[in-house]
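# Summary of structural features
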Amino acid sequence: MKFRKNFNNNAALVSDKSGVDWVVIGNGIGFGKKPGDAIDEEKITRRFVAVEKNIKMIDNIKDIDQRTLSLTSIVTDLVSKRLQVKFSDYQYMVLADHIDFMLKRTDERFELGPDTLSWEMNKLFPKEYGVAKDALKLIEQKTNLAFPQSEAVYLTYHFINAGSSQTKLQDTVKITKLIRGVVEIIEYQYGMQLDTESFNFSRFMTHLRLFMVRHLYPIGDEDTGSELDHSLLELMKVKYNKAYETVLKIGTYLSNQAGWKLQPDDEVYLTLHVWRVTHRQSNKQAKNSGQGPINN
């Protein structure tokens, strides 16, 4: 690869043998280089195709130092292995910007207030939150700095976001708040505390998040649910009456909080999943207590 220009000592614009331009990141990758000089490719820790949006992104955060870039690469490697997700170029640079700000806040002894969403992260996304806490420990080891545990919450948002190529970070925050409200409605209606450590709950979170992503990013015209066999919805009302009544309350909540109107197919989808997560937990508890299975 041939050097073209510097963004800073740790980010440069280069060209490969095919004439494709790349933005590359690495410690001192462009230091002392002149146009046409070969670069040390072993120093590259991240590379992006040099489309306009990536160049603007690098230019916006050109003051990020190598310590931050190195930590970002270490963290993304950890997260990718643990959560089987891949950070897009944009997600990588947003995370780098966050880690850089996190380091500066700690260096200056400035801490953001206690995060009101720590409950959501720990309960709704335990896997991502657990990886975030491990990533925070790793950063502490590499920097010899002590960070407040609230930083794990902010990292969790980035890791959840990396699991979807569609959602934006602010939408992940919105979805998390809405999910908390939905879970609270279900727990209140059923008089139970959902087992957040169970596989059933984890699957429920996945389905609920996909449902909300579809509403945030509708494809084409909004589905009115007109193609749904209405006898199916009527069956849901009778067979899973309690779950359906719970979904109606969820619909009111989502309408008030997000302006979403549940369509008949939404109601069927949510009714089935609400019934599933509550029914399986109830049966498990009954089995453990020596009672028979619960049918409704």
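For the structure itself, look to the data block above.
As a starting point, this report considers the structure included with it. (Residues numbered from 1 in each chain as written. Predicted model: local features only at pLDDT ≥ 70, side-chain atom pairs only at ≥ 80, totals over all residues. Heavy atoms only, no water.)

## What to know about the overall build of the protein chain
Check the secondary structure of the protein chain and you find eleven helices and four strands. Scored against the burial criterion, the 296 residues of the protein chain give a buried share of 48%. Considering only contacts within the protein chain whose residues lie at least 6 apart along the sequence, 68% involve residues at least 24 apart. Of the accessible surface of the protein chain, which amounts to about 16,100 Å², a share of 49% is contributed by carbon and sulfur atoms. (Helix = DSSP H or I, 4+ residues; strand = E, 2+ residues; numbered from the N terminus. Buried < 20%, exposed > 50% of the residue type's maximum accessible area, 1.4 Å probe, protein only. Contact = heavy atoms within 4.5 Å. Areas by Shrake-Rupley, 256 points an atom, 1.4 Å probe, with all protein chains shown as cover.)

## Side note on the packing of helix H6 (residues 150–162) against helix H7 (residues 169–190)
Orientation of H6 relative to H7, taken along the N-to-C sense of each, is 105 degrees, at an axis distance of 9 Å. The pairing of H6 with H7 is recorded here as roughly perpendicular in orientation. Contacts between H6 and H7 involve Tyr 157, His 158, Ile 160 and Asn 161 from the former and Leu 169, Thr 172, Val 173 and Thr 176 from the latter. Broken down by class, the residue content of the contact of H6 with H7 amounts to four nonpolar, four polar and no charged. (Axes fitted to C-alpha atoms, helices over the stretch in contact; angles between N-to-C directions. Parallel < 35°, antiparallel > 145°, perpendicular 65-115°, else oblique. Nonpolar A, V, L, I, M, F, W, Y, C, P; charged D, E, K, R; others polar.)

## Examining the environment of Gly 19
Position of Gly 19 among the secondary structure elements: in the loop between strand S2 (11–15) and strand S3 (21–25). Sequence spacing of Gly 19 and Lys 2 is 17 residues, and the spatial spacing of their C-alpha atoms is 9.5 Å.

## So, the side chain of His 98
Along the chain, the position of His 98 falls in helix H3 (residues 89–107). Exposure remark for His 98: the relative accessible area of 14% places this residue in the buried category.

## A few points about the environment of Glu 128
Note that Glu 128 resides in helix H5 (residues 126–143). Residues Glu 128 and Gly 163, spaced 35 residues apart in sequence, show a C-alpha to C-alpha distance of 9.9 Å. Those residues in contact with Glu 128, other than ones at most four positions away along the chain, are Leu 83, Thr 156, Phe 159 and Ile 160.

## Thoughts on the pairing of strand S4 (residues 46–49)
Judged by which residues are buried, S4 turns out to be one-sided: Arg 46 and Phe 48 face inward and are buried, whereas Arg 47 and Val 49, on the alternate face, are not. Note: S3 against S4, four bridges, orientation antiparallel. Bridge pairing links Val 23 to Phe 48 in S4. (Pairing = 2+ DSSP bridges.)

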